[in-house]
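Residue strings, one per chain:
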Amino acid sequence: MLKSVKQKLGGKKPVKNDGPGDRDGLLGRSGVTMAGASRGVAAPRPTSKERGHGGTPFTNVNMSSLTTAYAEGLPSFRDVPASERQMLFSKKLQLCTFTFDFLDPSRHVREKEIKRQTLLELVDYVNTGQGKFTESVFDDIVQMLSANLFRALPPSSHDTENYDPEEEEPTLEPAWPHLQIVYEFLLRYVVSNETDAKIAKKYIDNSFVLKLLELFDSEDPRERDYLKTILHRIYGKFMVHRPFIRKAINNIFYRFIYETERHNGVAELLEILGSIINGFALPLKEEHKVFLGRALLPLHKPKCVAMYHQQLSYCITQFVEKDPKLADLVLRGLLKFWPVTNSQKEVLFLGEMEEILELTQAAEFIKTMGPMFRQIAKCINSSHFQVGERALFLWNNDYIVSLVAQNRHLVLPIVFGALERNARTHWNAAVHGLTCNVRKMFMEMDQGLFDECLRQFDEEERRAALVAEQRDNQWKKLEQKAALNSRKRQ
């Protein structure tokens with residue numbers, strides 16, 4: 001992993017160090033944030049005015065402290081005895097609490113390269129596992145991570161209403177040359193066998209996790225990908241944080257569904273949840289079922305559901321696979337949020353419905369088949385050919401056909417009208433052909449039932465035609481009376 005990071009960042013030679021550096025750990029402040037004047041003192045957090053685009057600070061730099069800190073670099077870990085490496089590790093961490101403005105590539109070029117090389121050394125140190133981390137160094141680690149990662153994300157540069165992530169390029173984080181290595185350090189630190197979870201949980205606490213979750217709204221997909229991996233590792237290592245992480249993700253979803261309908265990291269959060277749900281023990285706890293009903297199912301509501309539907313569908317099918325009795329709840333939830341005018345969403349919903357029906361047992365199928373096939377009948381009759389085509393594809397699934405065959409006396413009367421109208425009048429040749437195939441399947445399944453449904457359909461059509469004719473005659477009479485009255489007035 002470290003090798004790949006180094007290759008991505010380029011194999012530049014380390015900048016030459018010219019002197020003793022900061023021997024007392026007293027590092028000043030540069031850019032945005034800095035560790036305290038001594039180890040263990042919290043760094044002053046930047047205000048919103050101090051931050052620039054992408055969370056990178058404007059260059060409001062204390063030049064004397066920056067010059068002091070970076071005047072002469074620190075030695076490498078190979079050049080000091082093993083007994084002094086923990087202290088050197090702390091000093092390198094403190095050096096890396098300085099952050100720089102990457103919007104101006106001409107500023108602090110030397111210092112940026114020194115920090116980049118130092119970060120790579122820190123990753124290598126953690127990755128090789130050179131002794132247990134003492135508790136005294138945990139604070140320096142969190143201080144460095146906080147100074148670099150936790151920042152105010154910039155407002156989106158795209159039009160909120162018309163933004164299409166598939167068409168427009170995301171805004172990339174300008175400080176990524178440093179941030180990538182900081183994220184890699186955090187990942188190696190969390191998964192390292194040298195990190196004692198019992199001690200680290202006091203530093204990687206709820207507040208730290210919450211700030212990580214806030215970063216999922218970053219527009220940079222590279223950052224979200226790292227966050228996804230790191231949060232999943234934290235969930236696995238720190239069992240004490242698991243309920244809090246699930247609750248915090250719930251709250252993000254609630255805000256997204258009911259307030260903003262805009263969040264860049266929903267797909268990544270759902271991907272993490274997919275792995276978490278996969279590990280749920282049986283029988284499922286009530287809180288997990290509540291999460292399904294109150295958070296996951298309403299995620300079908302936003303119009304941008306296509307951006308995360310694959311991950312959402314996986315999470316929901318995981319629930320049904322673990323507890324087939326949840327199929328009724330899921331199918332009814334899907335019908336509740338069924339789109340009215342969005343054909344793209346309808347196609348996605350039909351695909352998800354098929355996946356759920358493949359896991360649905362006969363008893364659960366009977367509970368919901370009435371409203372479900374009424375909705376499918378509407379989709380079969382849709383003027384949008386992709387919706388009609390996707391609805392008819394359900395009959396290509398052998399398991400669904402077997403469920404329908406067992407309940408044909410209830411299903412066929414619901415969908416027969418839609419099939420017959422398609423066969424007679426649908427404009428699209430592919431939909432017309434699929435409709436004829438499904439009609440033939442029902443005919444072979446139960447000829448007597450098919451004939452009865454055809455008779456009832458023809459009778460209903462005649463009645464409807466008669467009603468329409470009577471209505472037209474009444475309108476004609478009204479028009480004649482109106483014309484007669486008009487002539488009398490003249």
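Further up the page is the structure itself.
The model shown is predicted, which means the values in this text are computed figures rather than measured ones.

> Help me out: how do you make sense of the side chain of aspartate 220 in this one?
Counting through the fold element by element, aspartate 220 comes out in the loop between α8 (206-214) and α9 (221-237). When sequence neighbours within four positions are dropped, the list of residues in contact with aspartate 220 reads Thr171, Leu172 and Glu173.

> Looking at this structure, how should I read the packing of helix α19 (residues 408-425) against helix α21 (residues 447-489)?
In helix packing, the relevant descriptors are the interaxial angle and the interaxial distance, both defined with respect to the helix axes. At a minimum axis distance of 10 Å, the contact between α19 and α21 shows a crossing angle of 55°. Taken together, α19 and α21 sit at an angle that is classed as oblique. In the crossing of α19 with α21, the sense of the turn from one axis to the other is right-handed. Along its contact with α19, which presents Arg408, His409, Leu412, Pro413, Phe416, Gly417, Glu420, Arg421 and Arg424, the element α21 presents Leu449, Phe450, Cys453, Leu454, Phe457, Asp458 and Glu461. By residue class, the composition of the contact of α19 with α21 is eight nonpolar, two polar and six charged.

> Even after reading the chapter, I still don't get the pattern of salt bridges, so can you show me in this structure?
Any two side chains of opposite charge can pair, on the condition that their charged atoms come close. For the coordinates displayed, the defined rule picks out 23 salt bridges. Here lysine 367 makes a salt bridge to glutamate 364, at a shortest N to O gap of 3.5 Å. Separated by three residues within a single helix, lysine 367 and glutamate 364 lie in helix α16 (residues 362-380), roughly one turn from each other. Taking relative accessible area as the criterion, glutamate 364 reaches 6% and is therefore assigned buried. With a closest N to O distance of 3.0 Å, arginine 439 and glutamate 420 form a salt bridge. Pair noted here: arginine 439 is in helix α20 (residues 429-445) and glutamate 420 is in helix α19, with a separation of 19 residues, a long-range link. One salt-bridge network, held together by shared partners, links Glu420, Arg424, Arg439 and Asp458.

> Hey, could you run me through the environment of alanine 200 in this one?
Of note, alanine 200 is situated in helix α7 (residues 197-200). By relative accessible area, alanine 200 is classed as buried at 0%. Distance in space between the C-alpha atoms of alanine 200 and phenylalanine 138 is 7.0 Å, their sequence separation being 62 residues.

> Even after reading the chapter, I still don't get the packing of aromatic side chains, so can you show me in this structure?
Centre-to-centre distance and the angle between the planes together describe a pair of aromatic rings. Enumeration over the complete set of coordinates arrives at 20 aromatic pairs. Centre to centre, the rings of tryptophan 176 and tyrosine 226 are 6.0 Å apart; their planes meet at 55°, and the pair counts as tilted. Note that tryptophan 176 is positioned in helix α6 (residues 176-191) and tyrosine 226 in helix α9, a separation of 50 residues in sequence. According to the relative accessible area criterion, tryptophan 176 is buried, its value standing at 7%. Under the relative-accessibility criterion, tyrosine 226 is labelled buried at 12%. Aromatic ring contacts, followed pair by pair, group Phe77, Phe89, Tyr125, Phe138, Phe185, Tyr189 and Tyr203 into a single cluster. Above the ring of phenylalanine 77, the side-chain terminus of lysine 92 is found at 5.5 Å from the ring centroid. Over the face of the ring belonging to phenylalanine 102 we find lysine 112, whose NZ or CZ atom lies 4.6 Å from the ring centre.

The rules we used
- Residues numbered from 1 in each chain as written.
- Predicted model: local features only at pLDDT ≥ 70, side-chain atom pairs only at ≥ 80, totals over all residues.
- Heavy atoms only, no water.
- Helix = DSSP H or I, 4+ residues; strand = E, 2+ residues; numbered from the N terminus.
- Contact = heavy atoms within 4.5 Å.
- Axes fitted to C-alpha atoms, helices over the stretch in contact; angles between N-to-C directions.
- Parallel < 35°, antiparallel > 145°, perpendicular 65-115°, else oblique.
- Left-handed = near helix turned anticlockwise from the far one by under 90°.
- Nonpolar A, V, L, I, M, F, W, Y, C, P; charged D, E, K, R; others polar.
- Salt bridge = Lys/Arg side-chain N within 4 Å of Asp/Glu carboxyl O.
- Buried < 20%, exposed > 50% of the residue type's maximum accessible area, 1.4 Å probe, protein only.
- Phe/Tyr/Trp six-rings, centres within 6.5 Å; stacked < 30°, edge-to-face > 60°.
- Lys NZ or Arg CZ within 6 Å of the ring centre and 35° of its normal.

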